[in-house]
Each structure stands twice: as structure tokens, then as C-alpha cells.
Amino acid sequence: MLGLRHENRQPGALPVSLFSQGRHPTASVSVPRCSPSPRTQTSHTARTRPRAQAPDRRVSSARFRKPPKASPAPHHAVAESPVTQPPHPQLPAEPRDPDWASYKLGVFICLNCCGVHRNFPDISKVKSVRLDFWDDSIVEFMTRNGNLRVKAKFEARVPAFYYIPQANDCLVLKEQWIRAKYERREFMADGETISLSGNREGFLWKRGRNNSQFLRRRFVLLAREGLLKYYTKEEGKSPKAVISIKDLNATFQTEKIGHPHGLQITYRRDSHVRNLFVYHESGKEIVDWFNALRAARLQYLKMAFPELPESELVPFLTRNYLKQGFMEKTGPKQREPFKKRWFALDSHERRLLYYKNPLDAFEQGQVFLGNNEQGYEVYGDLPKDIRGNRWKAGLTIVTPERRFVLTCPNEKEQQEWLESLRGVLSSPLTPLSCLTASTESGRHSR
């Protein structure tokens, strides 16, 4: 049994026992007083008696007060009679005792440990997260049984298009996933089914193409038609842009955009990649937009690739960049000076895009990445006749068309880029990446 003894409690506070109070162990325990302070039991009549009876009142209340510490009397001291003492002056009012006492215990977990311990197979245990020792059998029991039971209940009907966040995803995705499961209970067996298709309309804050100002824009998603439109005016009839779901991608880029709900939407426009940077004040609203775009993408891919199972299409609904960061690059003749560029590696479409700045509306160039069997290679050094500018950790990407010479800010970044690029080049081409290769093969610029 877990109990709590607090000897140095405030006057009038009561000792606390978790289980004697019938409470579940929590991080803080508050106990209401069950009876008034003894000092308050003195009757109104006693307080209004004449001063001559004051000694009797002091004697009757002495048993309720802690007696003062007595000092040893000298040997010649003689006890005086209470009658000879002068009238006792009126004592100042003492502060009232608190109505409750609180003590922080920490975080406790109640375990239903049936079958874990042989001696007590049917007894639950309460364990402290910080103070108790957690043996492997307890942890394994909680992980195996607890997670499976919770998942079976709260994830009974998660739609295929709904994005389940991973460990490296941003906070808003994780928070809204938890709220959708446990607060709104959207995926329980008796809940309402989330519709796969439909339209969506609302306002998002969009970053300007030629400046860093975010302006309020109206977005309209037509899932059946496979189109996303946005308008510069709230009641405007002519959209500023009409985006095909076929070429659309959405990825949360909170750090790059500088907002915890920042979403980057990309699509193809005149053989270029157009970037839209948007956000919404509500985390639920921006995540709902993200999953609505994924639902529209799944509907399109099912029609475009009817022979492929749904499980193979889901990874292509939306995608994060495999690797992003600054590198320096030289020109096609490799005699031009190295210039700093922002690179983003799209592993699904097998493209390496580079920008002058991370929030540019259009890329400066892109490199399609085939596989090793087609003559694509990457090396972790510079050609012998080329020297970098400020950065010396080099990369060389070889394609059938040309050679790209890059430098990284340090060896750590160099190894991460090497690992990411080699992973793409060693993987086989998929039907979607083949479609990308036929429309965007090897386009690049200075």
C-alpha cells in the first residue's frame, strides 16, 4: 500500500493516505478539512464574558494550544498564585488555519498487472515514474497490451489518406493526431466516417511571391474536379491560380516558413516548380486542409493507376523532402565561381532542386536523378582540377547529360547528402517517377 506521511504539515492540516481517501494517485493531493479549528469552538458566550473570568478562559483553551517552551526556573523562585497576576491583556488574533493541504507526489501509473507477477496475479500496482524501478517485464507488458488495446479502440477506422505523424514530424501534426483520436474520437468504430471526397473552402495566410508579407487569401478545393484554386479577393470570381491535383504536393515546413503551422504547397507551372507558403492560426484547420489535399490526391491516383493497390499509392499522396540545406555550386563549365544555393531533394520524384533562397517562389534549376544502372553516380570529392571557394567538403553528381560539382559547409553535411543521394540512385524507378522523368528529364540552369 502506498501512503503519505507529512509530519511538517501546517497547523490543522490532516495526514494523507492515498488509498484511505479512495483517490487515484495523482501529481498533487489536496485534502479538505473535515472539522473546524479547535480555536473556533470557543462559544460566543465565552468571548463576551466579563474580564474577571478571563483566567478561566485561558485555562480552558490551553489544551488546544501548543504550550510555550518553558525556561528552567532558579532554585530560589517561588510559584505565584494565579489570583495575584494582573489581568491578561487581549491576545492578537492568530492567522486562520488553511482549509486544505497540498503535497506534490510526482507522476504515477496504475498498472493492471494480471499475469505479470506469479504471487499476485490479480492485483493492480501503482508505480512512480521517477522513483520506482521498472523491470523489463512491466515495460513489455505495457507496450504490448496497452498500445494494442488503445490502437484497436481509438484507431479502428483511420482513412487511408489521413496522415499519421512520425517521430520527426512537426508538433502541429502530432498534436492534432492526438486530439483527433482521444478528444474528438474521429476514428472509433461507432464514430462518423470521414468522407474521402468533397469540396473545401476557407481562408489561409499566403506569402507574397516577391516579398515576405503574408496576405489573407481564399482557397477552394474541388476534389471531384481535381483542382485547387485561390483568389486574391474574398468575393472574387476569377482565381489567381488554378492548380491541378495531379502535380500538387504539400509538406509542413514550420522552421523554414517561420510559423508553427507553416505549410508548403508545390505544383508545376510552365516546366517550373511553383511554391506557395501558407499558414492558418488554427492547428486543426491547417491539418484538415493538409488531409483534404491528400484525399483529393488519392482519388486522382486511383483513377490514373487503377492497376496499383491503394497501399502502393498512399506513399505518393504527399511527401517530405529527404534532405534540405545550403551548398555551393559552380556552373556547367566548372570554371565559374561557386555560389551559395538552397537545395531540396525530392526522393519520390527523384529530383534535386536548387534555389537562391529557401522561400523563393520558383527554383533556379533541378536535376533528375535516375539510378545507377542508367549511368547516374555520386562521389564524395571534387574533380582534381577544381577547388571550392569557402567550403572544401565536395560532392560530384554525374548524369548522362553533365557533371554537377557542389561543396558542403562541413563533412557532416557532406556525409548526409552522400547517404541521401546514394539511396535515391540505388532505388528502382516507380511508375510515378518514370512519369516525372518523361516530363522533366534533366532540366537545369545556372
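Here, every reference points to the structure presented above.
Residues numbered from 1 in each chain as written. Predicted model: local features only at pLDDT ≥ 70, side-chain atom pairs only at ≥ 80, totals over all residues. Heavy atoms only, no water.

**Quick notes on helix 8 (residues 411-425)**
The line we're drawing: Numbering of helices and strands runs from the N terminus, with a helix taken as a DSSP run of H or I at least four residues long and a strand as a DSSP run of E at least two residues long. Helix span, expected: 1.5 Å multiplied by one less than the number of residues in the helix. Buried residues are those whose accessible area, probed at 1.4 Å on protein chains only, stays under 20% of the maximum for their type, while exposed residues exceed 50% and partly exposed ones sit between those limits. Whether two residues touch is decided by their heavy atoms; if any such pair falls within 4.5 Å, the residues are in contact. For the purposes of these results, a polar contact is taken to be a pair of N or O atoms within 3.5 Å, where, inside protein, one atom must be able to donate a hydrogen and its partner to accept one; residues adjacent in sequence count only when each atom of the pair is a side-chain atom.
Given a rise of 1.5 Å per residue, 15 residues ought to cover 21 Å, and the 21 Å separating the end C-alpha atoms of helix 8 matches this to within 8%. Buried within helix 8 are the following residues: E413, Q414, W417, L418, S420, L421, V424 and L425. Residues of helix 8 that are buried in the fold lie against strand 12 (323-329), strand 13 (339-346), strand 14 (351-355), strand 16 (377-379), strand 17 (393-398) and strand 18 (403-408). For helix 8, the capping residue at the N-terminal end is N410, with a side-chain oxygen 3.2 Å from the backbone nitrogen of K412.

**Considerations on the layout of surface pockets**
The condition is simple: Every definition here rests on a 1 Å grid over the protein atoms only: cavities are sets of points where a 1.4 Å probe fits but cannot get out, pockets are open sets enclosed by protein on both sides within 12 Å along at least five of seven lines, and lining residues have some atom within 4 Å of a point. Grid points are joined across faces, edges and corners, and a volume is the space filled by probe spheres set on the points. In this classification, the charged set is Asp, Glu, Lys and Arg, the nonpolar set is Ala, Val, Leu, Ile, Met, Phe, Trp, Tyr, Cys and Pro, and all remaining amino acids, among them Gly, are polar.
Here the second largest pocket defines a volume of roughly 780 Å³. What lines the second largest pocket is a set of 27 residues, and nearest its centre among them are N168, D169, F252, N320 and Y321. A per-class count over the lining of the second largest pocket returns 12 nonpolar, nine polar and six charged.

**Some points on empty space enclosed by the protein**
In this approach, a probe sized like a water molecule rolls over the atoms, and the result shows the empty space that is left. This is how it is decided: Where each domain begins and ends follows an automated or database-derived domain assignment.
Taken as a whole, this structure holds five cavities of 30 Å³ or more when the rule is applied. Lining the largest cavity are D247, N249, T266, Y267, R268, V273, R319, Y321, D346, E349, R351 and L353. Looking at the lining of the largest cavity, the elements with two or more residues in it are strand 10 (263-269) and strand 14. Per-element tally for the lining of the largest cavity: the top contributor is strand 10, with three residues. Looking at the lining of the largest cavity residue by residue, the class counts come to four nonpolar, two polar and six charged. Residues from two domains meet in the lining of the largest cavity; each of domain 2 (200-316) and domain 3 (323-440) gives at least three.

**Focus: the pairing of strand 17**
We apply this condition: At least two bridges found by DSSP between two strands are what make those strands a pair.
Counting buried positions along strand 17 yields five of six residues, so the element is predominantly enclosed. Across six bridges, the pairing between strand 17 and strand 18 is antiparallel. Bridge pairing links A393 to C408 in strand 18. Hairpin connection, strand 17 to strand 18: the antiparallel pair is bridged by four residues.

**Comments concerning the environment of Y182**
Among the secondary structure elements, Y182 is positioned in helix 4 (residues 171-183). Separated by 32 residues in sequence, Y182 and V150 have C-alpha atoms that sit 9.9 Å apart. Not counting residues within four places of it along the chain, the set of residues in contact with Y182 comprises V150 and F154. In terms of polar contacts, Y182 uses its side chain to reach the side chain of K181, at 3.3 Å.

**Points about unusual backbone geometry**
Here the phi dihedral of D270 falls at roughly 55°; this positive angle occurs in a residue that is not glycine. Mapping D270 onto the fold places it in the loop between strand 10 and strand 11 (272-279). Residue classification places D270 among the exposed residues on the basis of a relative accessible area of 66%. One non-glycine residue, R350, adopts positive backbone phi at about 55°. Tracing the chain through its elements places R350 in the loop between strand 13 and strand 14. When its relative accessible area of 2% is taken as the criterion, R350 is described as buried.

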